[in-house]
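Observations on chain architecture
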Amino acid sequence: MFGERVGAVWPGRARGGAALQAIGRLAAGLGTAVLAGGALVLVLVTAAACLAGVGLFLVPAALRAVRVVADRERTRLSRYGQEILDPEPVPASARAALRDPAVRRELAWLPCHAILGLLLGLLALTLPLSSVHDVSFPLWWKLVPVSAGNSSLGFGPVHNWPGAFAICLAGVATIGVAVVLLPAAARLQAWPGRRLLPPGHETDLALRIAELTATRAAALDAHTAELRRIERSLHDGTQNRMVAVNVLVGAARRALARDPAEAEEILSRAQAAAEYALAELRGVVRSILPPVLTERSLPDALTGLAAACPVDCRINADLTERCAVSVEATVYYAVAEALTNIAKHSGASHATVRLRRQQDRLCAEITDDGGGGADSRGGSGLSGIRRRVEAHDGTFELSSPAGGPTVLSVSVPCGS
Amino acid sequence: MRIVIAEDEPLLREGLALLLRAESLDVVATTSNAEDFLEAVDKHDPDVAIVDVRMPPTNTDDGIRAAVEARRRHPALAVLVLSAYVEQAFATDLFAHGGSRLGYLLKERVGRVEEFLDALHRVADGGTAVDPEVVAQLLVRTRPDKRLDRLTARERDVLALMAEGLGNTAISERLVVTEGAVHKHIRSIFAKLDLAPDDRADRRVTAVLHYLNDLSRRGT
């Protein structure tokens, strides 16, 4: 709801956001394009060596290098749109590898991306830099020698104020061009990869099955881990407290004969222990499946979480239909864990949770303005959430550069 | 009687200490993990240690391992292990080298204070205490055995109490029969199960437990 409304009222701001996003994509694409350039050189050298009759043994290594670069591009493209599955490993023998359709398509993709990706990536860096240069020109043109006072487009040199402002206007125009051009450039940069890198139809299904088998195993693992967690909290918490209650009641009965006052004191302890046990049991029950999730809705449940979070937290939910309970519970716990992390480690003062449905996926995005540096590897609660999400065939992405902001995106197929 | 307690749950630890002190027993130290427990045993040299099975650092069977280690260092130490649930493997580990001065009870038995104190004293005096639940599990699992079927209902009762570690007097009190009758039952049981008769309670327990354990392993 939030994003759409903003877009309707200030279309310019939404466009600016899209352009900024495009710069990020183009820059990431520039990275893989440079790698592709390196791999291209390797392939050409290998080809030349083969023509000279000495390079055959280099072929598998070169193809594997191409695969590594192509896999990076697949990961990059999967991040921004439909997921691209990794193909089967490159066959070990040079002959079989060169017959492999996935390898052939990668070899076709390599020069396209190395050249097109590089040029578009450079464009993405140059346009913003030159517009900043030009727009700010009136602020500093007097400070530099006349020969350096050029506009980034090559006019000049400039000697007077009107000229400086003209350059500033040219900078504004560059921004306009960038806003229109960059999103298209990002799409164009992704195009060779989108066309050539997905596995062919013949292998697609087999890979999908392999992936489903893996995620199914992960689902069972996550299920076991969840059972262990419940067993732990029941055993270490509730059961032990009930034993304590029992011991204290036993002690009180023994004390009754000796000294009723002592018995009274022990009984009051026993009652306190019983209350403690009940509170803990309530917590365990909640952690299995929060009742509000089944009785009300996911946005209501998240609003409850936000209210309990010590950091100021806004929920922007745009959901009209419900998803499978297990899917909603997964997203609920992802948000719960993210908010716990934010409260404990981030030092943030604001957090936002965006919840929406994109086609058949339930997506949540949790953003905070804290110090960043969150890590989903290691033993943190986030790694548990990652497993749980992936077990539902979902995606989990954490972006948390040092200095922030931290953005956690979770998306799970609705299963309905 | 000087006692060291090892239990990580604070409520239960303090509850146990309170209960024992109210019975004029000397609780010299309470600890919450395996390492501190072994240190306390070395330092205070108690008569009895009461140990929880699941404790830090690993929260698995640290208590059992600590109990076995404490016994290795202090062979005269009596150890009573408390567990939230019955696990055959724990009992097997614990009684691997005989059952003298050893006990293995469910935590909830502590609430029946008299029976708990009885078991505690029995262990401290060189005897054995095995939770009825452990014995019941062994008996259930050994159902297919023909030789156990030869026992009369009363003899099975006596066998179960014997396996818990009770002496002849205690058994006669529980079953409300004379000691002479108990003695007769026991002789009959040993004969039917082809075990060498032994009057010493602790050796008798391990003999019976080993017997049942072997059967359950073969039976299942």
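Figured I'd write up the structure that's included with this text. (Residues numbered from 1 in each chain as written. Chains lettered and ligands numbered in written order. Predicted model: local features only at pLDDT ≥ 70, side-chain atom pairs only at ≥ 80, totals over all residues.)

**Some thoughts on helix α9 (residues 260–288) of chain A**
The first and last C-alpha atoms of α9(A) sit 42 Å apart over 29 residues, in line with the 42 Å expected at 1.5 Å per residue. Those residues of α9(A) that fall on the buried side of the exposure criterion are A:I266, A:A270, A:A273 and A:A277. (Helix = DSSP H or I, 4+ residues; strand = E, 2+ residues; numbered from the N terminus. Expected span 1.5 Å × (residues − 1). Buried ≥ 20, exposed ≤ 12 C-beta atoms within 10 Å, placed from the backbone.)

**A look at the interface of chain B and chain A**
Residue-level contacts link 15 residues of chain B with 17 residues of chain A. At 7 residues, helix α1 (residues 10–22) of chain B tops the list of elements feeding residues into the side of chain B that touches chain A. Of the residues assigned to the side of chain B that touches chain A, the class counts are 9 nonpolar, 2 polar and 4 charged. (Contact = placed C-beta atoms within 7 Å. Nonpolar A, V, L, I, M, F, W, Y, C, P; charged D, E, K, R; others polar.)

**Observations regarding unusual backbone geometry**
Residue and element names in this part refer to chain B. A cis geometry characterises the amide bond from P56 onward to P57, with omega recorded as 5°. Phi at N59 is positive, roughly 55°, even though this residue is not glycine. In this fold, N59 is placed in the loop between β3 (48–52) and α3 (62–73). In this model, V176 sits at a positive phi of 55°, which is unusual for a non-glycine residue. With respect to the secondary-structure elements, V176 resides in the loop between α9 (168–175) and α10 (179–192). A tally of 6 C-beta atoms within 10 Å means that V176 is categorised as exposed.

**Remarks on the sheet that holds strand β6 (residues 128–130) of chain B**
All names here are of chain B. If you trace the 6 strands from one edge of the open sheet to the other, you get β2-β1-β3-β4-β5-β6, paired in parallel fashion. The open sheet has two free edges, formed respectively by β2 (26–31) and β6, since each of these has just one partner strand. Averaged over all adjacent pairs, the angle separating strand axes in this sheet is 20°, with direction ignored. Here 4 bridges tie strand β1 (residues 2–6) to β3, and the two strands are oriented parallel to one another. Note that in β3 the partner of V4 across the bridge is A49. Packed onto the sheet, α1 meets β1, β2 and β3 and runs at close to 175° relative to β2. (Pairing = 2+ DSSP bridges. Axes fitted to C-alpha atoms, helices over the stretch in contact; angles between N-to-C directions.)

**Observations regarding the nonpolar core**
Ranked by internal contacts, the top residues of the largest apolar core, which has 78 residues, are A:L248, B:A49, B:V51, B:V79, B:L80, B:V81 and B:M162. A total of 10 residues in this core trace back to one element, the largest contributor, which is helix α8 (residues 201–258) of chain A. Excluding residues that lie within four positions of it along the chain, B:V81 makes contacts with B:V51, B:V53, B:G63, B:I64, B:A67, B:L94, B:G103 and B:Y104. Core analysis: the next-biggest nonpolar cluster, separate from the first, contains 32 residues, A:V331, A:A338, A:A374 and A:V412 among them. (Core = buried A, V, L, I, M, F, W, Y, C linked by C-beta atoms within 7 Å.)

**What about the pairing of strand β3 (residues 361–368) of chain A?**
Residue and element names in this part refer to chain A. Relative to β3, strand β2 (residues 350–358) runs antiparallel, the two sharing 8 bridges. Each residue of the ladder has a partner; that of R357, found in β3, is L362. If you look at the hairpin formed by β2 and β3, you'll find 2 residues sitting between the two strands, and Q359 has a positive phi there, around 50°. Relative to strand β5 (residues 406–413), β3 is paired through 8 bridges, and the arrangement is antiparallel. Opposite A364, over in β5, you have V410 as the bridge partner.

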